[in-house]
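Chain by chain, the residues:
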Amino acid sequence: MPIRAVLWDIDDTLFDYTGADAAGLAAQLEAVRLAERYGTPVQALALWREITDRHWARFAAGEGTFQGQRQERVREFLEQPAMTADEADAWFDQYVEHYKAAWTIFPDVVPALDALAAGYRHGVLSNSSTANQDPKLRRLGLRDRFEVLVCAVELGVSKPDAEAFMAACAELGLPPGEVAYVGDQPEIDARGARDAGLLAIWLDRTGGRGPGPDGVHRIEGLDRLPELLAGDTRFGARSGIR
């Protein structure tokens with residue numbers, strides 16, 4: 001079966017989440033006069049991301065709420081476990097404003113979408129919420145590029161669960177074998193897509209994260225995506241693209 005549609009991850013695939021997160025956190029720490037508390041900006045970001053990943057994993061596993069994981073991230077980062085929900089929300093909201101000010105897409109995103117527009121349908125599968133990702137895509141000028149936006153919070157299941165990928169394919173009205181998935185995470189995105197029967201494409205922008213799971217195609221930039229899809233290779237077949 002030929003590939004007829006592409007499903008996309010958003011953060012660190014289309015959108016430079018890491019860059020915006022770094023800039024947003026640095027600006028927030030300056031604003032609340034805590035810039036020196038965590039050492040360097042790199043050290044502050046590393047701690048913030050470690051806390052974020054841990055609390056997000058709990059939320060993705062069904063423990064707590066979307067807003068609750070944000071509050072817990074703030075409490076742990078500031079080492080203020082008694083912080084009220086309203087106080088944590090206010091701190092996080094202030095950080096979000098700095099974070100949004102740094103939003104940008106990667107330079108290869110629009111050229112890739114343009115190159116693929118005529119030949120493929122497009123959708124998004126994200127482990128976040130529609131309330132979070134729909135406004136982001138609109139602000140970045142990308143929402144109209146995608147027929148469907150499927151998010152884990154509303155779906156009730158998250159990547160790498162095969163059910164999440166299959167639900168997104170169902171939204172497109174296509175079987176998994178006719179859909180490619182592009183994401184920056186080798187396990188959550190690529191392995192998950194592969195196991196659900198999609199053509200799995202790992203976008204390794206840094207080029208230094210190892211070979212990736214078997215049966216997954218690895219590219220270092222979206223400029224390589226049209227070539228890969230045109231070759232319609234899958235499940236470990238040689239593509240000429242590492």
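My aim in this report is to walk through the structure given alongside it, one point at a time.

Parameters and conventions
Residues numbered from 1 in each chain as written. Predicted model: local features only at pLDDT ≥ 70, side-chain atom pairs only at ≥ 80, totals over all residues. Heavy atoms only, no water. Phe/Tyr/Trp six-rings, centres within 6.5 Å; stacked < 30°, edge-to-face > 60°. Helix = DSSP H or I, 4+ residues; strand = E, 2+ residues; numbered from the N terminus. Buried < 20%, exposed > 50% of the residue type's maximum accessible area, 1.4 Å probe, protein only. Pairing = 2+ DSSP bridges. Axes fitted to C-alpha atoms, helices over the stretch in contact; angles between N-to-C directions. Contact = heavy atoms within 4.5 Å. Core = buried A, V, L, I, M, F, W, Y, C linked by side-chain atoms within 4.5 Å. Parallel < 35°, antiparallel > 145°, perpendicular 65-115°, else oblique. Nonpolar A, V, L, I, M, F, W, Y, C, P; charged D, E, K, R; others polar.

**Looking at the packing of aromatic side chains**
Then, in step 1: The full count for this structure, using the stated rule, is 17 aromatic pairs.
Then, in step 2: Ring centres 5.7 Å apart and planes at 75° place the aromatic pair phenylalanine 15 and tryptophan 103 in the edge-to-face group. Within this pair, whereas phenylalanine 15 is found in the loop between β1 (5-8) and α1 (17-31), its partner tryptophan 103 is found in the loop between α4 (85-101) and α5 (109-116), the two being separated by 88 residues in sequence. By the burial criterion, phenylalanine 15 is buried, and tryptophan 103 matches it.
Then, in step 3: Ring centres of tyrosine 95 and tyrosine 99 lie 5.7 Å apart, and the angle between their planes is 15°; this geometry places the pair in the stacked category. Of the two residues, tyrosine 95 and tyrosine 99 are both situated in helix α4; the distance of four residues between them amounts to about one turn of the helix. Residue tyrosine 95 shares its accessibility class with tyrosine 99, and that shared class is buried.

**Things to note about the environment of glycine 64**
Then, in step 1: Within the fold, glycine 64 resides in the loop between α2 (41-60) and α3 (66-78).
Then, in step 2: Among the residues examined, glycine 64 registers a relative accessible area of 56% and is labelled exposed.

**A closer look at the sheet that holds strand β6 (residues 217-219)**
Strand-to-strand pairing in sheets goes through backbone hydrogen bonds, with the strands running parallel or antiparallel.
Then, in step 1: Here six strands make up an open sheet; going across it, the order is β3-β2-β1-β4-β5-β6 and the pairing parallel. Taken across any chain shown, the strands that pair with only one partner, and hence form the sheet edges, are β3 (148-151) and β6. When the angles between neighbouring strand axes are averaged without regard to direction, this sheet yields 25°.
Then, in step 2: The pairing of strand β5 (residues 199-203) with β6 spans three bridges and is parallel. Note on β6: the bridge partner recorded for leucine 203 is isoleucine 219.
Then, in step 3: Against the sheet, helix α6 (residues 130-139) engages β2 (121-126) and β3, with an angle of about 145° to β3.
Then, in step 4: In this fold helix α8 (residues 162-172) packs onto β1, β2, β3 and β4 (179-183), with an angle of close to 150° to the strand it touches most, β2.

**A word on the nonpolar core**
Then, in step 1: Formed by 50 residues in total, the largest nonpolar core has its most connected members in Trp8, Trp91 and Leu229.
Then, in step 2: If one sorts the elements of this core by residue count, α4 sits on top with six residues.
Then, in step 3: Setting aside anything within four residues of it in sequence, one finds leucine 229 in contact with Ile3, Val6, Leu116, Tyr120, Ala180, Leu199 and Ile201.
Then, in step 4: Grouped together as the second largest cluster of nonpolar side chains are 21 residues, Ala5, Phe165, Ala190 and Leu198 included.

**Brief notes about the pairing of β3**
Both faces of the sheet carry side chains from a regular strand, because those side chains alternate between them.
Then, in step 1: Here β3 shows a buried face lined by Val148 and Val150 and a second buried face lined by Leu149 and Cys151.
Then, in step 2: For β2 and β3, the ladder comprises four bridges, and the chain directions are parallel. In the sheet register, valine 124 faces β3, and the bridge partner there is leucine 149.

**As for the pairing of β1**
Then, in step 1: Along β1, one buried face is formed by Ala5 and Leu7 and the opposite face, lined by Val6 and Trp8, is buried too.
Then, in step 2: Direction of pairing for β1 relative to β2: parallel, over a ladder of four bridges. Bridge pairing links valine 6 to histidine 122 in β2.
Then, in step 3: As paired elements, β1 and β4 share four bridges and run parallel to each other. Bridge pairing in β4 links alanine 5 to valine 179.

**Section: the packing of α3 against α4**
Then, in step 1: It is the contact of α3 with α4, at a shortest axis distance of 9 Å, that shows an interaxial angle of 85°. For the element pair α3 / α4, the angle class is roughly perpendicular. Contacts between α3 and α4 involve Gln67, Arg70, Gln71, Arg73, Val74, Arg75, Phe77 and Leu78 on the former and, on the latter, Ala85, Ala88, Asp89, Trp91 and Phe92.
Then, in step 2: Classifying every residue of the contact of α3 with α4 by side-chain character gives seven nonpolar, two polar and four charged.

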